[in-house]
Amino acid sequence: MSTTPAPPLDLNNIQGDILSGLPKKTQYYVFFDILDVKKFKADLSKFIPLIKTVAQVLKDRDAIADHKKKKLPGLVPLDGVNIAFSHTGFVKLGVDDSTLAQGGATDPFSLGQKKDAITNLGDPNKLDGNPDWDEQFLRDLHGIILISGESHGSIDKKKQEIDAIFRVNTPTASIEEVITIRGDVRPGQEDGHEHFGFLDGISNPVVDGFDTVINPGPKVVQPGVILTGHPGDVTPAPRADWATDGSFLAFRYLFQHVPEFNKFLKKNPVTKDGNGNALTPEQGSELLGARMVGRWKSGAPIDLAPFKDDPALGVDPTRNNNFFFTNEINSQLRCPFAAHVRKTNPRNDLEVPPAPIPPIAIEGRRIMRRGIQFGPEVTQDEQKLSKTLHGRGLIFACYQSSLTNGFQFLQHSWANAPKFPPFETQPEDPGLDPLIGQGTRAMSGLDPLAEQTVLPMPTFITARGGEYFFSPSIKGLKSTIAA
């Protein structure tokens with residue numbers, strides 16, 4: 001039985017951060033509220049030509065690759081701009097976003113993350129019922145503008161240009177800038193690593209019809225898992241024309257308690273590896289961290305390198321995702337059930353007995369992770385005190401065609417669920433995701449020779465804000481939102 005191939009993606013219509021990721025060494029996240037709808041629509045029409053599409057990002061990446069090949073000094077000067085809107089933003093604009101909703105009254109996009117943080121995400125709440133977030137994120141945010149570049153000079157210049165278009169901080173402004181957060185990749189050899197020290201952004205899904213390099217690993221996903229209005233988009237109703245070629249952006253402002261994390265590793269080292277070999281305290285602490293994350297700091301997965309780091313494996317894209325937790329159903333010897341990478345992408349855990357295949361297969365729950373680190377490196381004072389004195393962490397951003405099936409589900413039903421993965425024969429509960437799980441924090445399997453031992457742990461990551469946005473297509477911006 002033959003099937004009709006999906007139409008090719010219009011890479012000139014899709015905002016660049018979604019499929020290809022805006023190239024960046026630094027990035028602004030500008031959160032805004034709309035002050036005057038008529039003025040904003042007129043200003044948005046002038047802003048749209050600044051938006052970088054997927055097609056343009058691919059050209060930028062070709063230029064970067066050519067620059068590296070020729071071993072030219074410095075970095076390629078570039079910038080990239082994208083925009084997205086919240087449900088309250090669409091309401092303010094008078095845009096009917098009903099075909100974006102999933103789940104009626106419980107739809108996370110319609111509710112907004114402030115409410116979803118309490119009902120589903122598990123964020124700690126204050127006495128007034130709001131999540132314990134920074135004040136700027138407790139108000140309704142209408143939209144977000146992303147500005148990426150290779151240097152502070154590039155993104156500052158582009159922000160000035162955008163401020164001029166919307167006349168920010170003038171009597172005729174069409175938007176109010178609520179808060180701007182800047183992220184920066186970490187310096188030197190830590191480039192690509194988040195603040196706990198682990199190589200990040202390794203396992204994004206491969207998208208059918210877009211990615212040309214397909215390395216061994218998890219199954220390729222249909223484009224509709226990430227993009228609205230394409231095969232794999234499981235919305236029960238057709239999307240409006242303007243709402244196709246878009247994607248939902250889940251934003252989280254995550255603060256990492258790095259000195260406390262390092263103190264925990266130092267205090268609880270694994271004494272022997274899975275083969276019974278004695279470990280030094282330093283080796284035991286390193287193994288403990290790797291088992292909490294599911295990868296070594298190099299990026300090497302512990303399912304393939306369970307007891308000793310393999311840096312060459314970590315940076316090899318043909319190998320570092322080619323693992324499936326095979327033959328690990330009843331054992332946490334190689335990788336704990338609750339390790340971060342296993343919680344958020346369980347691979348074969350839900351595709352083999354006794355765990356049933358979920359109504360939506362794992363491929364339908366993949367998310368496209370973007371984002372960047374923020375804040376300074378750990379200081380000597382913080383190292384001595386084992387206490388965080390300066391704010392640092394991860395500006396987490398991810399794209400998907402369904403928040404219900406994507407980010408919200410991963411956080412609520414996987415990361416926060418102490419009994420997930422649901423192996424019927426397991427002798428102990430896996431516990432929460434040790435990094436992002438919300439609730440009573442403890443996990444089993446951290447000691448490979450004492451898998452049932454449960455180790456309590458403090459909170460290492462605190463959410464201080466967030467919101468759900470929708471990144472429309474270029475045609476949608478022109479035909480409906482700026483019309």
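Residues numbered from 1 in each chain as written. Predicted model: local features only at pLDDT ≥ 70, side-chain atom pairs only at ≥ 80, totals over all residues. Heavy atoms only, no water.

Identification of the protein as DyP dimeric alpha+beta barrel domain-containing protein from Psilocybe cyanescens is taken from an unreviewed UniProt entry. Here the protein is described in UniProt, under the heading Cofactor (unreviewed entry), as follows: "heme b". UniProt annotates the protein under Sequence similarities (unreviewed entry) with the comment "Belongs to the DyP-type peroxidase family." (UniProt positions renumbered as here; feature names shortened; annotations may be inferred.)

Enquirer: Looking at this model, I keep getting lost on the nonpolar core. Mind explaining?
Expert: The nonpolar side chains of soluble globular proteins are, as a tendency, buried together. One finds Leu-19, Phe-31, Leu-44, Phe-47, Phe-85 and Ile-145 to be the most contacted residues of the largest nonpolar core, which totals 118 residues. The leading source of residues in this core is strand E5 (residues 247-256), at seven residues. Looking at which domains feed residues into this core, each of domain 1 (26-254 + 466-480) and domain 2 (258-366 + 419-459) supplies at least three. When residues no more than four places from it in sequence are discounted, the contact partners of Ile-145 are Tyr-28, Tyr-29, Val-30, Phe-32, Phe-47, Val-81, Asn-82, Ile-83, Ile-162 and Phe-166. (Core = buried A, V, L, I, M, F, W, Y, C linked by side-chain atoms within 4.5 Å. Buried < 20%, exposed > 50% of the residue type's maximum accessible area, 1.4 Å probe, protein only. Helix = DSSP H or I, 4+ residues; strand = E, 2+ residues; numbered from the N terminus. Domains from an automatic or database assignment. Contact = heavy atoms within 4.5 Å.)

Enquirer: What is the right way to read helix H2 (residues 37-47) from this model?
Expert: One turn of an α-helix holds 3.6 residues; hence residues three or four places apart share an orientation. All of the buried residues in H2 are Phe-40, Lys-41, Asp-43, Leu-44 and Phe-47. Taking the backbone nitrogen of Lys-38 as reference, a side-chain oxygen 3.2 Å away marks Asp-36 as the first, capping residue of H2. (Polar contact = N/O pair within 3.5 Å; in protein donor to acceptor, adjacent residues only side chain to side chain.)

Enquirer: Quick question: what am I supposed to make of the packing of helix H8 (residues 258-267) against helix H9 (residues 281-293) here?
Expert: Helix-helix packing is characterised by the crossing angle of the two axes and by the distance between the axes. The contact between H8 and H9 brings their axes to 8 Å, and the two run at 120°. Relative to H9, the element H8 lies oblique. H9 is crossed by H8, and the crossing has right-handed handedness. On the side of H8, the interface is formed by Phe-261, Phe-264, Leu-265 and Lys-266, while H9 contributes Ser-285, Leu-288, Gly-289 and Met-292. A per-class count over the contact of H8 with H9 returns five nonpolar, two polar and one charged. (Axes fitted to C-alpha atoms, helices over the stretch in contact; angles between N-to-C directions. Parallel < 35°, antiparallel > 145°, perpendicular 65-115°, else oblique. Left-handed = near helix turned anticlockwise from the far one by under 90°. Nonpolar A, V, L, I, M, F, W, Y, C, P; charged D, E, K, R; others polar.)

Enquirer: Explanation requested: the side chain of Asp-60 in the structure shown.
Expert: Tracing the backbone through its elements, the reader meets Asp-60 in helix H3 (residues 54-69). Side chain to side chain, Asp-60 and Lys-52 meet in a polar contact 2.8 Å long. Those residues in contact with Asp-60 that lie beyond four places of it in its chain are Pro-23, Lys-52, Leu-78 and Asp-79.

Enquirer: Honestly, the layout of surface pockets in this entry has me stumped. Any pointers?
Expert: Empty space among the atoms becomes visible once a probe the size of a water molecule is rolled across them. By volume, the second largest pocket amounts to about 350 Å³. Taken together, 16 residues make up the lining of the second largest pocket; nearest its centre are Val-258, Pro-259, Asn-262, Val-378 and Gln-383. Breaking the lining of the second largest pocket down by element, the ones donating at least two residues are H8 and helix H12 (380-385). A per-element tally of the lining of the second largest pocket places H8 first, with five residues. A breakdown of the residues in the lining of the second largest pocket according to their chemical character gives four nonpolar, five polar and seven charged. Of the residues that make up the lining of the second largest pocket, three or more belong to each of domain 1 (26-254 + 466-480) and domain 2 (258-366 + 419-459). (1 Å grid on protein atoms, 1.4 Å probe; cavity = no way out; pocket = protein on both sides within 12 Å on 5 of 7 lines; lining within 4 Å. Points joined across faces, edges and corners; volume = space filled by probe spheres on them.)

Enquirer: I keep staring at the pattern of salt bridges and nothing clicks. Help me out?
Expert: Two side chains that carry opposite charge are able to pair once their charged atoms sit near each other. Taken as a whole and judged by the stated rule, the model has 23 salt bridges. Between Arg-252 and Asp-123 there is a salt bridge whose closest N-O contact spans 2.9 Å. One end of the pair, Arg-252, is in strand E5; the other, Asp-123, is in the loop between helix H6 (113-121) and strand E3 (143-149), and 129 residues separate them in sequence. For the pair Arg-252 and Asp-123, one class covers both residues: buried. In this structure, the salt-bridge partner of Glu-135 is Lys-126, at a minimum N-O distance of 3.3 Å. (Salt bridge = Lys/Arg side-chain N within 4 Å of Asp/Glu carboxyl O.)

Enquirer: I tried to follow the packing of aromatic side chains on my own but got confused; where do I start?
Expert: Aromatic rings in a pair are described by how distant their centres are and how their planes are angled relative to each other. Tallied over the full model, the rule gives 28 aromatic pairs. Arranged with centres 6.3 Å apart and planes meeting at 90°, the rings of Phe-32 and Phe-85 form a pair that is edge-to-face. Within this pair, whereas Phe-32 is found in strand E1 (residues 26-34), its partner Phe-85 is found in strand E2 (residues 79-85), the two being separated by 53 residues in sequence. Overall, Phe-32 belongs to the buried group, its relative accessible area being 0%. With relative accessibility at 0%, the residue Phe-85 sits in the buried group. Taking the centre distance of 4.8 Å and the plane angle of 65° together, the rings of Tyr-253 and Phe-255 count as edge-to-face. Classification of Tyr-253 by relative accessible area gives buried; the value is 10%. Clustering of aromatic rings is evident, with ring pairs tying together Phe-32, Phe-40, Phe-47, Phe-85, Phe-90, Phe-109, Phe-166, Trp-242, Phe-248 and Phe-470. Above the face of the Phe-323 ring, Arg-347 is positioned so that its terminal group lies 3.7 Å from the ring centre. Stacked on the ring of Phe-409, the Lys or Arg Arg-365 has its end atom at 3.5 Å from the ring centre. (Phe/Tyr/Trp six-rings, centres within 6.5 Å; stacked < 30°, edge-to-face > 60°. Lys NZ or Arg CZ within 6 Å of the ring centre and 35° of its normal.)

Enquirer: How do you make sense of helix H7 (residues 152-166) when you look at a structure like this?
Expert: With 15 residues, H7 extends 21 Å from end C-alpha to end C-alpha; this agrees with the ideal 21 Å at 1.5 Å per step. Here H7 has its buried residues at Ser-154, Ile-155, Lys-158, Lys-159, Ile-162, Ile-165 and Phe-166. Buried residues along H7 cover an arc of 125° about the axis, so they all sit on one side. Of the exposed residues in H7, those oriented more than 90 degrees away from the buried face are Lys-157, Gln-160 and Ala-164. Tucked inside the fold, the buried residues of H7 contact E1, H2, E2, E3 and strand E4 (175-184). Looking at the residues trailing H7, positive phi occurs at Arg-167, about 55°. (Expected span 1.5 Å × (residues − 1). Arc of directions from axis to C-beta.)

Enquirer: Just to check I follow, could you spell out the environment of Thr-180 for this structure?
Expert: Mapped onto the elements, Thr-180 comes out in strand E4. For Thr-180, a relative accessible area of 26% gives the class partly exposed. Here Glu-177 takes part through its side chain, which lies 2.6 Å from a polar atom of the side chain of Thr-180.

Enquirer: Help me understand the environment of Gly-314, please; the structure alone is not making it clear to me.
Expert: Structurally, Gly-314 can be placed in helix H10 (residues 311-314). As for Gly-314 and Gly-466, which are separated by 152 residues in sequence, their C-alpha atoms are 31 Å apart. Every residue in contact with Gly-314, bar those within four places of it in the chain, is listed here: Leu-199, Ser-298, Gly-299, Ala-300 and Asn-320.

Enquirer: Is there a simple way to think about the packing of H2 against H7 in this case?
Expert: Look at H2 against H7: their axes get within 9 Å of each other, and the N-to-C directions meet at 145°. Where H2 crosses over H7, the handedness of that crossing is right-handed. Where H2 approaches H7, its residues Phe-40, Asp-43, Leu-44, Lys-46 and Phe-47 are matched on the opposing element by Ile-162, Ile-165 and Phe-166. In terms of residue class, the contact of H2 with H7 is built from six nonpolar, no polar and two charged.

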